[in-house]
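Tertiary structure, described
Each chain is listed here by its residues.
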Amino acid sequence: MQTTGEIARTYRPNEVESRWYDWWDHHGYFAPRGTGEPFVIIMPPPNVTGELHMGHALFVAVEDILVRWRRMQGRPTLWLPGADHAGIGGQWVVERELLEEGVTRQDLGRERFLKRMWTFMDQYRGRIREQLRILGASCDWSRFTFTMDPGPARAVRTAFRQLYDKGLIYRGKRLINWCPRCRTVLSDLEVDHEEEQSSLWTIRYPIEGTDRFIEVATTRPETMLGDTAVAVHPDDERYRDLVGRSATLPIIGRTLPILADPAVDPEFGTGAVKVTPAHDPNDFEIGQRHGLPAVNVMNLDGTMNENAAEFEGRTISEARKGVVARLEREGYLVRTEPHTLSVGRCDRCGTVVEPMISEQWFVRMAPLNAPALRAVQEGRVRFIPERFRSAYVSWVEHEHDWCISRQLWWGHRIPVWYCDECGEATVSVEQSVERCERCGGTSLHQDPDVLDTWFSAALWPFSTLGWPDETEDLERYYPSSVMETGYDILFLWVHRMIFSGLEFMGQAPFPDVYLHGQVRDAQGQRMSKSKGNGIDPTIVTAEYGSDALRLALVTAGPVGSDLKLSVQRVESMRNFANKIWNATRYVLRATAGVEIELADDGSIAPPGEDGSSLADRWILSRLSATTSEVTGMLERYQLNEAGRRLYEFVWSEYCDWYLEATKVALGGTNETARRSTQQTLVYVLDRILRLLHPFMPFVTEELWHHLPHRGDALIVAPWPEPGERDERAEREFELLIEVVRSVRNARAEHDVPPARLIPATIAAGTAADALLGQADVISRLARIEPGSLEIQSEVTSPPEDALSLVVASDVQVYLPLAGMVDPEEQRRRLEADLAAARSEAERARGLLSNEQFTRRAPEHVVERERARLAVAEERARLLEDRLSAL
RNA sequence: GGGCGAAUAGCUCAGUUGGUUAGAGCGCACGGUUCACAUCCGUGAGGUCCGGGGUUCGAGUCCCUGUUCGCCCA
């Protein structure tokens, strides 16, 4: 794309950003290029149905920075995008649509419903690209994959078959979490537990053959209809004589054995509990141990079933009220007291989850977890930040088997066919099965359920690359370089990818796991639709630009912790973009019509030594420092620090000092010096744009095209290598900065109008030569009258009535501001400075006179203290002189 | 109940293997029509490094303990 001519006075992000994305894409820059070790990120696939939110903006910012940086380093770089079908969530969106039309999915039937799902999905598919385009995600669209595509679908069936054959997938009747609203089973991880205020009801059951009762405490009285035992702790003296006897269940009249089991907490309630194996995980286990029957009293829609006597057909909460009322009426309710308990809710819809017994498919985790734990413990999989490792290990060590079937229609159908003749299950990687594997019968029906969305997500690092086929992509790009995702799905997704990669590919799917936190509002509140405190990325990027949003997000806080985002921060990053924009305008104007030398690789050549000024040498050295620091920070995944470092370099060093200093050479008569400055200006700006490109791809690409260059695009321009440091230049220029600052400070303190130029005399000791060469720069920056600036190594007779500034031990500035300076005021200042210098000297002296310190501290620390002492003493001496001269 | 994290300027965060005078950005105050930029420039104020104890010549940093907030797991 050609960009020519004068550029606008202020940066307008939306005009610039809209131009580049498709241009990059059409030129093929998003596809891996070249040879060498690839850099690969498999993108966490956004839900097809989802709107763009800040979570997406954050992951795009982070991944795109890594990807663009590595691409510029010359690695063949693949960032593979995709979309997730989002099981329950996806189905729910379409069901809601149907609801408005007054139809249920059951009315439509499975086939027509799925057709409708696909129509919907096809509509939404394009939106992911559109959203990622806004954010500048440089991912390879030719490899875009949807979890329901034929490839990943076959991967799912293949994985299922392999695990089934190894006995790692089984079907079993177990206690599971049931969401009555979604009408499906959920895995343990999809249930959110929250403390809620409720009651503890104490009920008494008559003991058979006596006129005594046993009191049990429960948080869920309605489940008593399904009680099949009463249990106490084996060591509980209070109930020892009752163990072995029986109680009668009120309302129902069932006989309940009273048994002893160590799982009962004698401290809770009365120490005796009712046992409802069909509706409580602990009771289920007690039931297993004692061979108790499980009586299910609920329907799948959250109403009571035929085992609930008169409460059949009522909702659970109606049943609870009814049961309590009847118990009370009949004298079985002993008391009701307030109680806090943990309630499980469906993480999708918030409905209270019911534990129920149901036949489902499970993955046997222990054999799969062992290799995953080893990989993490041996460091083959690293977490960034590291602290997530211990959370991962302790969670995985205690993981239960994973329930993978879901009672939904939208998703990967379980690849199991049951024979109508012999009942045998046939598991197939094919889409359909004609013949029973055992009896050859041809009348089969497929399991009606689908698989947990995370089952297909677990295979994502290799199903996207063609597995189970041995494709070139799989060979070349597996394992990927880093998995970047939110810490909230560490167990739900990351863990499952790790064990799946190890199981199916024999190798962990990534060596590094970079975990980002959640984006919160300026007050640290979670952004949510209902609170209305969310910041919409579409709106923010339209106003401030995606570059600004990206930089605001990535510099907002360290990796792995939640970050606070305010529009104000985005705005200040937009201002930063404007700063670079205007710096470029300045450079372009300063170098108009000048031939800029290019290096062999087509980039701007570094300026030669000839005619280079102190400022030139200083900024080049600072550029080297910045380049190596930023590269190091990126290598350590410290993106936030890298971003901030660049911000500071550009604004505080390049713009505030270097650009200002160049105005002298550019306006001067020395042709060589001017050429050197022009070359340096462009050279450093070019490096800045390169370093900044991963963070702010749009504005940097735009500006780069205005600079002289021979490459095609900044997105594929080489990443800068740090040059030499010039410590002498840094020291000297920093002294210059100190001199200028102290003059400015004095001017401000004494209300010297900015427009007024003043004379100055500088005594600069050993730095006199260096400063002498910078007289023009100093006078310009400090607003000193050029003809009246004197720089000497020593000033024997300072100007009369001069204000005296002590910059360093041997550097003083005299500002002859006769008439402007109140002598009392100056005395006060000097005295304050003197007091500071004396106390500093005192501190250093005290330290150095401590023999423990001089003996035990390292030599360089002691040396530094000696130097500080000398400086402070010299400074104090100078200040005393000035004071007495006053 | 177990675990993790955080606590440093008004706000958001840096602060290397401990090195003695704790930094940045934003915000704030004051001053500015300096020919890149008011989306800007200059100057400045602002800190018991959460409390207590310990180790050390030396602690924001290491150890113990407590407080507050947040998160994860059961």
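Residues numbered from 1 in each chain as written. Chains lettered and ligands numbered in written order. Predicted model: local features only at pLDDT ≥ 70, side-chain atom pairs only at ≥ 80, totals over all residues. Heavy atoms only, no water.

As for the packing of aromatic side chains
Overall, the coordinates contain 31 aromatic pairs when judged by the stated rule. On the basis of an interplanar angle of 90° and a centroid distance of 5.0 Å, the ring pair of Trp 20 and Trp 23 is categorised as edge-to-face. Highlighted residues: Trp 20 and Trp 23, both in helix H1 (residues 13-26), separated by three residues, approximately one helical turn. Overall, Trp 20 belongs to the buried group, its relative accessible area being 0%. One aromatic cluster is present, built from ring pairs that chain together Phe 160, Tyr 164, Trp 361, Trp 402, Phe 455 and Phe 499. In this structure, Arg 68 packs its charged tip against the face of Trp 24, placed 4.3 Å from the ring centre. Stacked on the ring of Phe 213, the Lys or Arg Arg 204 has its end atom at 3.9 Å from the ring centre. (Phe/Tyr/Trp six-rings, centres within 6.5 Å; stacked < 30°, edge-to-face > 60°. Helix = DSSP H or I, 4+ residues; strand = E, 2+ residues; numbered from the N terminus. Buried < 20%, exposed > 50% of the residue type's maximum accessible area, 1.4 Å probe, protein only. Lys NZ or Arg CZ within 6 Å of the ring centre and 35° of its normal.)

Examining the sheet that holds strand S22 (residues 482-486)
Ordered in space as S15-S23-S22, the three strands form an open sheet in which the pairing is parallel. Two strands close off the open sheet at either side, each with one partner strand: strand S15 (382-384) and S22. When strand polarity is set aside, the average angle formed by the axes of neighbouring strands in this sheet is 25°. Of the strands in this sheet, S22 and strand S23 (512-516) are in contact with helix H2 (residues 54-72), which crosses S22 at around 165°. (Pairing = 2+ DSSP bridges. Axes fitted to C-alpha atoms, helices over the stretch in contact; angles between N-to-C directions. Contact = heavy atoms within 4.5 Å.)

Brief notes about the sheet that holds strand S27 (residues 784-792)
The four strands are arranged S27-S26-S29-S28 in an open sheet whose pairing can be described as mixed. Single-partner strands in this sheet number two, and they are S27 and strand S28 (803-808). Pairs of neighbouring strands in the sheet enclose a mean axial angle of 20°, with direction left out of account. Bridge analysis of strand S26 (residues 758-763) against strand S29 (residues 811-815) gives three bridges, and the strand direction is antiparallel. When the sheet's bridge partners are listed, Ala 763 is paired in S29 with Gln 812. Contacting S26 and S27, helix H24 (residues 775-782) crosses the sheet at an angle of about 130° to S27. Sheet strands touched by helix H27 (residues 859-885): S28 and S29. Its angle to S28, the strand with the most contacts, is close to 175°.

With respect to helix H10 (residues 388-397)
Turn by turn, an α-helix covers 3.6 residues, leaving residues three or four places apart pointing in a common direction. Inspection of H10 places Phe 388, Tyr 392, Val 393 and Val 396 among the buried residues, and these make up the whole buried set. In a view along the axis of H10, the buried residues occupy a sector of 135°, so they form one face of it. Here the buried face of H10 lies against helix H9 (366-377), S15, helix H14 (490-505) and S23. (Arc of directions from axis to C-beta.)

A look at the pattern of salt bridges
Two side chains with opposite charge may pair up if their charged atoms get near one another. Taken as a whole and assessed by the stated rule, the structure comprises 57 salt bridges. With a shortest N-O distance of 3.0 Å, Glu 222 and Arg 220 are connected by a salt bridge. The buried category is assigned to Glu 222, whose relative accessible area is 0%. The salt bridge involving Asp 686 is made with Arg 687; its shortest N-O contact spans 3.2 Å. Summarising the burial analysis for this pair, Asp 686 and Arg 687 share the class buried. The network of salt bridges with common partners includes Arg 622, Glu 629, Arg 645, Glu 653, Arg 725 and Glu 730. (Salt bridge = Lys/Arg side-chain N within 4 Å of Asp/Glu carboxyl O.)

Side note on the side chain of Ser 199
Note that Ser 199 resides in strand S7 (residues 191-206). What Ser 199 contacts, discounting residues up to four positions off in sequence, is Thr 218, Thr 219, Thr 336, Glu 337, Pro 338 and His 339.

Brief notes about the protein's contact with RNA strand B
Not every one of the 46 residues close to RNA strand B is listed here, only the nearest: Asn 582, Glu 840, Arg 843, Phe 853 and Arg 856. Within 4 Å of the protein, atoms of RNA strand B come from sugar and phosphate in 63% of cases. For RNA strand B, a sugar or linking oxygen lies 3.0 Å from a polar atom in the side chain of Asn 575. Taken together, the residues of the surface near RNA strand B break down into 16 nonpolar, eight polar and 22 charged. (Near = heavy atom within 4 Å. Polar contact = N/O pair within 3.5 Å; in protein donor to acceptor, adjacent residues only side chain to side chain. Nonpolar A, V, L, I, M, F, W, Y, C, P; charged D, E, K, R; others polar.)

So, H14
Counting buried positions over the 16 residues of H14 gives 13, a clear majority of the element. Positive backbone phi, approximately 75°, marks Gly 506, located one or two places after H14.

Comments concerning the packing of H1 against helix H5 (residues 110-135)
Contact geometry for H1 and H5: axes closest at 9 Å, N-to-C directions at 115°. For the element pair H1 and H5, the recorded crossing hand is right-handed. Here H1 contributes Ser 18, Tyr 21, Asp 22 and Asp 25 to the contact with H5, which in turn contributes Arg 129, Leu 132 and Arg 133. In the contact of H1 with H5, the residues fall into two nonpolar, one polar and four charged. (Left-handed = near helix turned anticlockwise from the far one by under 90°.)

Some details on the nonpolar core
Counting residues in hydrophobic clusters, the biggest one holds 149 residues, and the most contacted among them are Tyr 654, Ile 762 and Leu 815. Per-element tally for this core: the top contributor is helix H19 (residues 639-667), with 13 residues. Non-local contacts of Leu 815, meaning those with residues more than four positions away in its chain, are made with Val 743, Ala 746, Ile 758, Pro 759, Ala 760, Asp 801, Ala 802, Leu 803 and Leu 805. (Core = buried A, V, L, I, M, F, W, Y, C linked by side-chain atoms within 4.5 Å.)

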